[in-house]
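# Architecture at a glance
So the chains spell out like this:
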Amino acid sequence: MTHPTCPACEADVPIPDDAMENELLACPDCGGELEIISLNPLELDFAPEVEEDWGE
Ligand SMILES: [Zn+2]
């Protein structure tokens, strides 16, 4: 499995085999909160704020 890179510091971020889309991870290098936005292809993005702001 490929290792995507942290969008903040570009470190390799290990993805668990049982990772799910929308799962949250912490970057091992900068500690940033990341979200798996897609598994195929693997893409990471910054985790959304905990605020509920899904409206327009
Ligand atoms: Zn990072």
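In what follows, the structure referred to is the one given above.
Everything quoted here is computed from the prediction, not taken from an experiment.

Below, the discussion takes up the overall build of the protein chain. Scanning the protein chain from terminus to terminus reveals zero helices and three strands. Secondary structure elements of the protein chain occur, N-terminal to C-terminal, as β-β-β. Of the contacts made within the protein chain by residues no fewer than 6 positions apart, 20% connect residues no fewer than 24 positions apart.

Listed in full, the six residues of the largest apolar core are Cys 6, Val 13, Cys 27, Leu 34, Ile 36 and Leu 44. Residue contacts for Leu 34: discarding those within four places in its chain leaves Cys 6, Val 13, Leu 24, Leu 25, Cys 27, Leu 44, Asp 45, Phe 46 and Ala 47.

What follows covers the pairing of strand β3 (residues 42-46). Each regular strand shows side chains that alternate between the opposite faces of the sheet. Sheet topology places strand β2 (residues 33-39) next to β3; five bridges connect them, and they run antiparallel. Each residue of the ladder has a partner; that of Glu 35, found in β3, is Asp 45. Between β2 and β3, which pair antiparallel and follow one another directly, the connecting turn spans two residues.

On to the sheet that holds β2, then. Pairing is antiparallel in the open sheet, where three strands are placed in the order β1-β2-β3. In this open sheet, the two edge strands, each paired with only one partner strand, are β1 (24-26) and β3. For this sheet, the mean inter-axis angle between neighbouring strands, taken without regard to orientation, is 40°.

Once that is clear, we can look at the environment of Pro 4. Of note, Pro 4 is situated in the segment before β1. Residue Pro 4 is classed as buried on the basis of its 20 C-beta neighbours within 10 Å. Distance in space between the C-alpha atoms of Pro 4 and Leu 42 is 6.4 Å, their sequence separation being 38 residues. The contact partners of Pro 4, leaving out residues within four places of it in the chain, are Val 13, Ile 15, Leu 42, Glu 43 and Leu 44.

About the thresholds
- Residues numbered from 1 in each chain as written.
- Predicted model: local features only at pLDDT ≥ 70, side-chain atom pairs only at ≥ 80, totals over all residues.
- Helix = DSSP H or I, 4+ residues; strand = E, 2+ residues; numbered from the N terminus.
- Contact = placed C-beta atoms within 7 Å.
- Core = buried A, V, L, I, M, F, W, Y, C linked by C-beta atoms within 7 Å.
- Buried ≥ 20, exposed ≤ 12 C-beta atoms within 10 Å, placed from the backbone.
- Pairing = 2+ DSSP bridges.
- Axes fitted to C-alpha atoms, helices over the stretch in contact; angles between N-to-C directions.

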